[in-house]
Amino acid sequence: MLLIFAAVVIAVTGMVFTALDRVGQYANHLDEERSREAVSGAVRTFEDQLAATLHDYAAWDDAAERLYRQKDIDWVVRNFGNMTRKSELFDVAIIMDPSGRIITAHAEGEPISSGVEGYVTQDVWYLLNRIRNGEADFYPELSGFTQTGSGTAAFGVALVRMRSEERIVAGDERRYVLLMRHLKESTLQRLSSAYVLPGLRLEAPEEGKTHRLEITSPTGRGVAELAWMPRQPGDISLAQVRPLVWCAVAMVAIYFLLLFVSGSQALARLAADEAAAIRLSLTDRLSGLINRAGLFLRLSDMVETARQSGEDVALLYLDLDGFKEVNDAYGHATGDQLIRSVSAGLSVLVGKEAALARLGGDEFAIGFIGREAADSANILARRIQVFLGEPLSIGERVAIIGCSIGIAFSERGTASGEEILRRADMAMYRAKEEGRGRCCVYDPAMDAEREERNQLEIDLRRAIEQNEIMVAFQPVVDAQHLKLRGVEALARWTRAGHGPVRPDIFIPVAERSGLIDQLGLCVLRTACEALVRWPHLTLSVNISPGQFRDPSFVGRVADLLRDTGTEPSRVTLEMTETYFIQNPARARETLDRLKAIGVKIALDDFGAGFSSVGYLRQFGFDRMKIDRSLVSAADAGGRAVDMLQATVALARSLDIPVTAEGIESADQATALRIAGCDQLQGYLFGKPMPACEIDILNGEEPLARLSSMA
């Protein structure tokens, strides 16, 4: 019996030790796998954060404008290079062209004067070539890890473009941004603490070692390895319970209980870290609101709920009016404060039941569900416009903004979240087109209109490239003798398969699509070439504010006049007061440069807008054109005639010649001659006509059909 008991005790003891050993090994294995998953998740999160930052900086309207059109390198340095100083987002920023030539390069806030090849590695070239060859899945941007001269870094390469994904230049003119964020010691310590990874460190790749995760580059080679100190919880547990194994089986139960508790705590920490990472990925860092991804999740839940309950989902898409002006005037720090203030105010207005999101820049979205969604959306829109219509205090400054709102609905959840957002976005742009500060509800007809506008833009671009834009000339006569003194050049377009298109239709399309520069210079060149045939006439050409904002506009005008052999003093550029009101300082600078090359400047449509006397005195226009609305009103007599005469008298008191346009009757011409206008223009003297008809009209001294008036 003793032998049997001894054998049983030995067998049981052996089984217990074997069981304990297996449990210990399995615990060590579980901890190893948990640690490896945590390290892998940390690496992915680190790369994803850089990729999100890269998208924000690459798909940026201001960056595309400054790099491609304005070539403002100082702005690029401020907004890319200087951002590398003590930044949690990236510590290296390099702008390059498709061939890899460096435009700007900064690391840790300082220019990279030498050794830039230590950052532009083989992995960078590999992703750059993929983007240039169009191999990126969604956007022209890719990311990965590489080894630089400063260590291991997550990096991303992207094409600088408009937020709408429009590429405003092609080929060698394109610019690419390279952002890097190195895995520094402080970062590793933070990851070690957050993911419970003792001794987390970077080491060179080495075969045969455990407790490490290899970081690979986009080309598949090993960049580095993240190693950590194994906790070996199984061995620790065995060391604690082995002296007590002989006491009782109850101790074994306690051991398993402790193991279960510690495992539960580890799982709880892992679940908490995962939940925090998910919340972070769905939150906008500046405003604290949910971001676009978070909004999509909330909208999907609302749509599903609406399908089951029969309720409607409403979405308001907000775009702040005047936010860019605040940024330009006071800087990005003030702009960020404004975004936070607006976010706080909207949070109070919409309440906790609605989904309030910042989609990026100055755009917000509000989604909610209800049976009276349409009425609730309209009430909320009015409240928001009242709130944003009030001056907002930002530190010592006061900003006055507004907003344009687009509203869309998903009746009983019939439209998906993505579709609701698209409709609301379209309605918002319609509100901005109607004058900003407005609210517009989506209508299915908007889809057809947008498609038509897109096709119109394509056809207009083709027409400009193929020189299908014609120029008509409207006579401008001397008010005293009715002799032909000049012509105004007007763009005309006959769209293939559709017929003539009115200028008030295709000119705004050109301005919105960025074609106005090409269109304006095309008209000016054609008009100057025709002006050579009329040595005694002057030429007037309308200039769009979009052309006037182009820093290279003055140089292009000078080159064009020189190429066509046109005397600058015979050319008058006509522009409305819109741009002078928005940017008086920049407008004054551009006017001075234009006058320096010899062209004259006329203020067009005076009397149709603000018509400020201060602008007449401040900018020193060479001519003022009275808007046709004042001319037409003069037919009524009385105060309209007095206003017309006062307007002309005002201009003459400032020694500014006056042209009246839109004259359609002899009575109007007589009234304007008496008022003191020195030049007249309108259908009475001739509609816009081809150059060949101006040749004939130029031979009449004075105009034969108006000789009785003379």
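Residues numbered from 1 in each chain as written. Predicted model: local features only at pLDDT ≥ 70, side-chain atom pairs only at ≥ 80, totals over all residues. Heavy atoms only, no water.

Participant: Please clarify how the overall build of the chain should be interpreted in this entry.
Facilitator: Scanning the chain for helices and strands turns up 24 helices and 25 strands. Taking the principal axes of the C-alpha coordinates as reference, the chain spans close to 145 × 60 × 55 Å. Here the chain, with 710 residues, has 46% of them falling under the buried criterion. For the chain, the share of sequence-separated contacts (at least 6 apart) that also reach a separation of at least 24 residues comes to 66%. Only carbon and sulfur atoms are counted for the fraction: they give 53% of the accessible area of the chain, which is about 35000 Å². (Helix = DSSP H or I, 4+ residues; strand = E, 2+ residues; numbered from the N terminus. Buried < 20%, exposed > 50% of the residue type's maximum accessible area, 1.4 Å probe, protein only. Contact = heavy atoms within 4.5 Å. Areas by Shrake-Rupley, 256 points an atom, 1.4 Å probe, with all protein chains shown as cover.)

Participant: Explain the packing of aromatic side chains to me, please; I cannot follow it from the model alone.
Facilitator: Ring pairs (aromatic) are described by centroid distance and by the angle formed between their planes. What the rule picks out here adds up to nine aromatic pairs. Between tyrosine 57 and tryptophan 60 the ring centres are 5.6 Å apart and the planes differ by 85°, which places this aromatic pair in the edge-to-face class. Neither tyrosine 57 nor tryptophan 60 differs from the other in exposure class; each is buried. What makes tyrosine 57 buried here is its relative accessible area of 12%. In textbook terms, an aromatic cluster arises when at least three aromatic residues are bridged by ring pairs, as seen for Tyr57, Trp60, Trp75, Phe80 and Phe90. (Phe/Tyr/Trp six-rings, centres within 6.5 Å; stacked < 30°, edge-to-face > 60°.)

Participant: Whenever I open this one, the sheet that holds strand E5 (residues 151–159) confuses me. Can you help?
Facilitator: Pairing in this open sheet of six strands is antiparallel, and the strands run E3-E2-E1-E6-E5-E4 from one edge to the other. At either end of the open sheet lies a strand with only one pairing partner, and these are strand E3 (110–111) and strand E4 (141–148). In this sheet, E5 lies alongside E4 in antiparallel orientation, the contact comprising eight bridges. Residue glutamine 147 lies in a different strand from E5, and its bridge partner there is threonine 152. (Pairing = 2+ DSSP bridges.)

Participant: What's the story with the side chain of glutamate 488 in this structure? I'm lost.
Facilitator: Mapped onto the fold, glutamate 488 is located in strand E18 (residues 484–495). For glutamate 488, a relative accessible area of 3% translates into the label buried. Here the side chain of glutamate 488 touches asparagine 542 through a polar contact of 2.8 Å, side chain to side chain. Polar side-chain contacts of glutamate 488 include one of 2.4 Å to the side chain of glutamine 681. Sequence-distant contacts of glutamate 488, that is, excluding residues within four places in its chain, are made with Ala472, Phe473, Gln474, Val476, Ser540, Asn542, Glu574, Lys625, Glu661 and Gln681. (Polar contact = N/O pair within 3.5 Å; in protein donor to acceptor, adjacent residues only side chain to side chain.)

Participant: In this structure, what is going on with the pattern of salt bridges? I would like to understand it.
Facilitator: Between side chains of opposite charge, a pair can form when the charged atoms approach closely. Applying the stated criterion across every chain, the model contains 38 salt bridges. Across the pair glutamate 225 and arginine 212 runs a salt bridge, and its minimum N-O distance is 2.7 Å. With glutamate 225 in strand E9 (residues 222–227) and arginine 212 in strand E8 (residues 212–216), this residue pair connects regions lying 13 residues apart in the sequence. Judged by relative accessible area, glutamate 225 falls into the buried class, the value being 8%. Classification of arginine 212 as buried rests on a relative accessible area of 8%. (Salt bridge = Lys/Arg side-chain N within 4 Å of Asp/Glu carboxyl O.)

Participant: What exactly am I supposed to notice about the sheet that holds strand E7 (residues 201–203) here?
Facilitator: In a beta sheet, neighbouring strands pair by backbone hydrogen bonds and run either parallel or antiparallel. Read from one edge to the other, the open sheet built from three strands follows the order E7-E9-E8, with strand pairing classed as antiparallel. Every other strand in the sheet has two partners, leaving E7 and E8 as the edge strands with one partner each. Within the sheet, the average angular offset between the axes of one strand and its neighbour, ignoring direction, is 30°. (Axes fitted to C-alpha atoms, helices over the stretch in contact; angles between N-to-C directions.)

Participant: Can you walk me through the pairing of strand E21 (residues 571–575) in this structure?
Facilitator: Looking along a regular strand, one sees side chains alternate from face to face of the sheet. Counting buried positions along E21 yields five of five residues, so the element is predominantly enclosed. Burial of E21 is two-sided: the residues Val571, Leu573 and Met575 facing one way and the residues Thr572 and Glu574 facing the other way are all buried. With four bridges connecting them, strand E20 (residues 538–542) and E21 associate as parallel partners. Bridge assignment links serine 540 to a residue of E21, and that residue is threonine 572. Where E21 meets strand E22 (residues 600–606), four bridges bridge the pair, whose relative direction is parallel.

Participant: What am I meant to see in a nonpolar patch on the surface here?
Facilitator: A surface patch of nonpolar side chains, about 250 Å² in accessible area, is lined by Ile4, Val8 and Val12. With respect to the secondary-structure elements, isoleucine 4 resides in helix H1 (residues 2–58). Relative accessible area serves as the criterion here: at 53%, isoleucine 4 is assigned to the exposed category. (Patch = residues over 30% accessible without salt bridge, like charges linked within 9 Å, V, L, I, M, F, W, Y side chains within 5 Å.)

Participant: Looking at this structure, I do not really get the packing of helix H10 (residues 332–350) against helix H11 (residues 373–389). What am I missing?
Facilitator: When two helices pack together, their arrangement is captured by the angle between the axes and the distance separating the axes. Direction vectors running N to C along H10 and H11 enclose 145°, while the axes themselves pass 11 Å from each other. In this structure, the crossing between H10 and H11 has a hand that is right-handed. Listed contacts from H11 to Ser341, Val342, Gly345, Leu346, Leu349 and Val350 of H10 are Leu380, Arg383, Ile384, Phe387 and Leu388. Grouping the constituent residues of the contact of H10 with H11 by class yields eight nonpolar, two polar and one charged. (Left-handed = near helix turned anticlockwise from the far one by under 90°. Nonpolar A, V, L, I, M, F, W, Y, C, P; charged D, E, K, R; others polar.)

Participant: I'm lost on the nonpolar core in this one. Help?
Facilitator: Side chains that are nonpolar tend, in soluble globular proteins, to be buried together. Core analysis: the biggest nonpolar cluster contains 76 residues, and Phe473 and Leu680 have the highest contact counts within it. Take this core: its biggest share by element is nine residues, from helix H15 (residues 516–531). Of all hydrophobic cores here, the second largest spans 59 residues; its members include Ala93, Leu127, Val169 and Leu226. (Core = buried A, V, L, I, M, F, W, Y, C linked by side-chain atoms within 4.5 Å.)

Participant: Looking at this structure, I do not really get the packing of H15 against helix H17 (residues 553–564). What am I missing?
Facilitator: The N-to-C vectors of H15 and H17 enclose an angle of 25°; their axes lie 10 Å apart at closest approach. By the angle class used here, H15 and H17 are roughly parallel. In the crossing of H15 with H17, the sense of the turn from one axis to the other is right-handed. Of the residues in H17, those touching H15 at Asp517, Leu521, Leu524, Arg525, Cys528 and Glu529 are Arg556, Val557, Leu560, Leu561, Asp563 and Thr564. (Parallel < 35°, antiparallel > 145°, perpendicular 65-115°, else oblique.)

Participant: What exactly am I supposed to notice about the state of the cysteines here?
Facilitator: Note: disulfide means a covalent bond formed between the sulfur atoms of two cysteine side chains. Per the stated rule, a full pass over the model turns up zero disulfides. For the unlinked cysteine cysteine 522, the closest cysteine sulfur is that of cysteine 528, found at 12 Å. Looking at cysteine 692, it has no disulfide partner, and the nearest cysteine sulfur is the one in cysteine 522, 18 Å off. (Disulfide = S-S within 2.5 Å.)

Participant: What am I meant to see in the side chain of aspartate 627 here?
Facilitator: Here aspartate 627 is to be found in the loop between strand E23 (623–626) and helix H21 (628–633). Only 2.5 Å separates the side chain of aspartate 627 from the side chain of serine 629, close enough to count as a polar contact.

Participant: Help me understand the pairing of strand E1 (residues 92–96) in this model?
Facilitator: In terms of burial, E1 is largely enclosed, as five of its five residues are buried. Residues Val92, Ile94 and Met96 line one face of E1 and the alternating positions Ala93 and Ile95 line the opposite face, and both faces are buried. When E1 meets strand E2 (residues 102–107), the two strands line up antiparallel, connected through five bridges. Across the sheet, valine 92 pairs through a bridge with alanine 107, a residue of E2.

Participant: For this particular structure, what's the right way to read H10?
Facilitator: Residues spaced three or four apart along an α-helix face the same direction, because each turn holds 3.6 residues. Counted at 1.5 Å a residue, the expected span for H10 with its 19 residues is 27 Å, and the 26 Å between its end C-alpha atoms agrees. Along H10, the residues that are buried comprise Thr334, Gly335, Leu338, Ile339, Val342, Ser343, Gly345, Leu346 and Val350. Positioned one or two residues after H10, glycine 351 has a phi angle of 80°, which is positive. (Expected span 1.5 Å × (residues − 1).)

Participant: Looking at this structure, how should I read helix H4 (residues 122–132)?
Facilitator: By the burial criterion, the buried members of H4 are Asp123, Val124, Leu127, Leu128 and Ile131. An end-on view of H4 places all buried positions within 135° of arc, on one side of the element. Check the buried side of H4 and you find it contacts E1, E4, E5 and strand E6 (176–182). Following H4 by one or two positions, glycine 134 has its phi on the positive side, about 75°. (Arc of directions from axis to C-beta.)

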